[in-house]
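Summary of the model geometry
Below are the chains, spelled out letter by letter.
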Amino acid sequence: MKKSGKREFGEVFYGRHGTPTTFALQDTVARVEGGWRSFAFSSGKAAILAALMGFLVSGDHLLMVDSAYGPSRELAKGLLKRFGVTHTLYDPLIGAGIEELMQPNTRVVFTESPGSITFEMQDMPAIAKVAHKAGATVITDNTWASPLLCDPFSLGADVSVQAGTKYIVGHSDAMLGMVTVNEKSYEPVKQAFEDLGASPGPDDCYLGLRGMRTLSVRLERQGKTGLKLARWLAKRPEVARVLHPALPDDPGYKIWRRDFKGASGLFGVVLNPVSEKAVAALLDGFELFGMGYSWGGYESLAIPTYPHKIRETSEWDPAFPCLRFHAGLEHPDDLIADLEKGFERLNKAKPRKAKKRG
Ligand SMILES: Cc1ncc(COP(=O)(O)O)c(C=O)c1O
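Throughout what follows, the structure given in this document is the object of discussion. This is a predicted model, so every value here is computed, not measured.

This brings us to the site of the ligand. Near the ligand you find 15 residues, and of these Gly44, Lys45, Asp141, Thr165 and Lys166 are the closest. Thr165 is positioned such that a nitrogen or oxygen atom in its side chain is 2.5 Å from an oxygen atom of the ligand. Residue Lys166 places a side-chain N or O atom 3.0 Å away from an oxygen atom belonging to the ligand. Relative to its unbound accessible surface of 390 Å², the ligand loses 91% to contact with the protein. Element by element, the count of residues in the shell around the ligand is highest for helix 2 (residues 44-55), at three residues. Tallied by class, the residues present in the shell around the ligand amount to six nonpolar, five polar and four charged.

Right, dumping it as structure tokens:
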């Protein structure tokens, strides 16, 4: 403790504010992601809340991307609203056009790129330029890229959130959140970190730290497998569109090439119109793809998604069922064989066309 009574960052003082294991994880993530310092939380959701609470007070306005992880949007619509913060959901493709949505009291612009479920890429530098001109803080959810594949600070973010539960932990066996900051955003986030008390235990921090040691090899494999599956799926007659920013014909490809160092293993698929029963036949019979919401672990996952029920700034036709895939560490050929059998089940479950009478 210094004479002033002010605690140094990384000083052992009280377990909730961090142990040596917490500090080792925080330092590692901050360095790898390109930020100044990092704070560890007990979940990604707690990290998102802390980042928002650090910068918003009653009477402020928040610009939240419409393609944000559902519970981030729910914070804007629920808890933050109750505490007097207003918000506007904006189209992820808005770019510099966000200027028109800025209000005199807009204090935070929240981005997530690619977007949850629908995978739109955001022009972060264009958005950050507008936000900073107005004195607003840019917070981004960088979980898709992990701390390794995108340096959000070089793109203009002030604060980056990671659901460490996903790629950082990497084995679906612990929950963790990280908020990494630039120097000027340090104090407000530190205050929110201490106020919330949503600290992870040292064992979970240890698992996060261990995950950081193998992140690069896992991501390389999962990114490659994801792209292989995405390319295979794009050729299937049952598939209308694959939502993956690293595919050259994806609308977000140029931004992804410019801003990211690689792809992780999470992407979306839009099927051609088919019954719910047929989609269930596809998903329910997989041998390797599990059905789970929390991705970023070693196993492959497939779930149905419902953007038409959630999106407010873009139209999604409910006749075209949507899925989200996560590529795990299994052999890609085994995954493709599993998918192939899945499409056989889907086609069998389709209602047969009535034969014309001769
Ligand atoms: C993009 C994104 N951000 C944040 C979270 C929240 O993370 P956690 O499950 O650790 O609360 C998730 C979880 O699915 C997510 O997908």
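Looking now at the pattern of salt bridges. Inspection of every chain in the model, using the stated rule, returns twelve salt bridges. The shortest N-O distance in the salt bridge between Asp123 and Arg258 comes to 2.9 Å. Here Arg258 lies in helix 9 (residues 253-259) and Asp123 lies in the loop between strand 4 (106-112) and helix 5 (124-133), a separation of 135 residues in the sequence. Judged by relative accessible area, which is 47%, Arg258 ranks as partly exposed. Note that Lys184 is salt-bridged to Asp158, the shortest N-O span being 2.9 Å.

Moving on, we come to the sheet that holds strand 3 (residues 86-90). One open sheet accounts for seven strands, arranged 1-7-6-5-4-2-3; its pairing is mixed. At either end of the open sheet lies a strand with only one pairing partner, and these are strand 1 (37-41) and strand 3. The average angle at which neighbouring strand axes cross in this sheet is 20°, direction not considered. For strand 2 (residues 61-65) and strand 3, the ladder comprises five bridges, and the chain directions are parallel.

Here we take up the environment of Leu207. Here Leu207 is to be found in helix 8 (residues 202-234). Residues Leu207 and Thr180 lie 27 residues apart in sequence; the distance between their C-alpha atoms is 18 Å. Once residues lying within four places of it in the same chain are set aside, the contact partners of Leu207 are Ile168, Val169, Asp173 and Ala174.

With that settled, consider the packing of helix 2 against helix 3 (residues 70-77). Each pair of packed helices can be summarised by the angle the axes make with each other and by the distance between the axes. Relative orientation of the contacting elements helix 2 and helix 3 amounts to 40°, with a least axis distance of 10 Å. Of the possible angle classes, the one that applies to helix 2 and helix 3 is oblique. In terms of crossing hand, the pair formed by helix 2 and helix 3 is right-handed. Seen from helix 2, the contacting residues are Lys45, Ile48, Leu49 and Leu52; seen from helix 3, they are Pro71, Ser72 and Leu75. When the residues that make up the contact of helix 2 with helix 3 are grouped by side-chain class, the tally is five nonpolar, one polar and one charged.

Reading the values: the criteria
Residues numbered from 1 in each chain as written. Predicted model: local features only at pLDDT ≥ 70, side-chain atom pairs only at ≥ 80, totals over all residues. Heavy atoms only, no water. Near = heavy atom within 4 Å. Polar contact = N/O pair within 3.5 Å; in protein donor to acceptor, adjacent residues only side chain to side chain. Areas by Shrake-Rupley, 256 points an atom, 1.4 Å probe, with all protein chains shown as cover. Helix = DSSP H or I, 4+ residues; strand = E, 2+ residues; numbered from the N terminus. Nonpolar A, V, L, I, M, F, W, Y, C, P; charged D, E, K, R; others polar. Salt bridge = Lys/Arg side-chain N within 4 Å of Asp/Glu carboxyl O. Buried < 20%, exposed > 50% of the residue type's maximum accessible area, 1.4 Å probe, protein only. Pairing = 2+ DSSP bridges. Axes fitted to C-alpha atoms, helices over the stretch in contact; angles between N-to-C directions. Contact = heavy atoms within 4.5 Å. Parallel < 35°, antiparallel > 145°, perpendicular 65-115°, else oblique. Left-handed = near helix turned anticlockwise from the far one by under 90°.

Function cannot be read off these values alone, since they describe shape.
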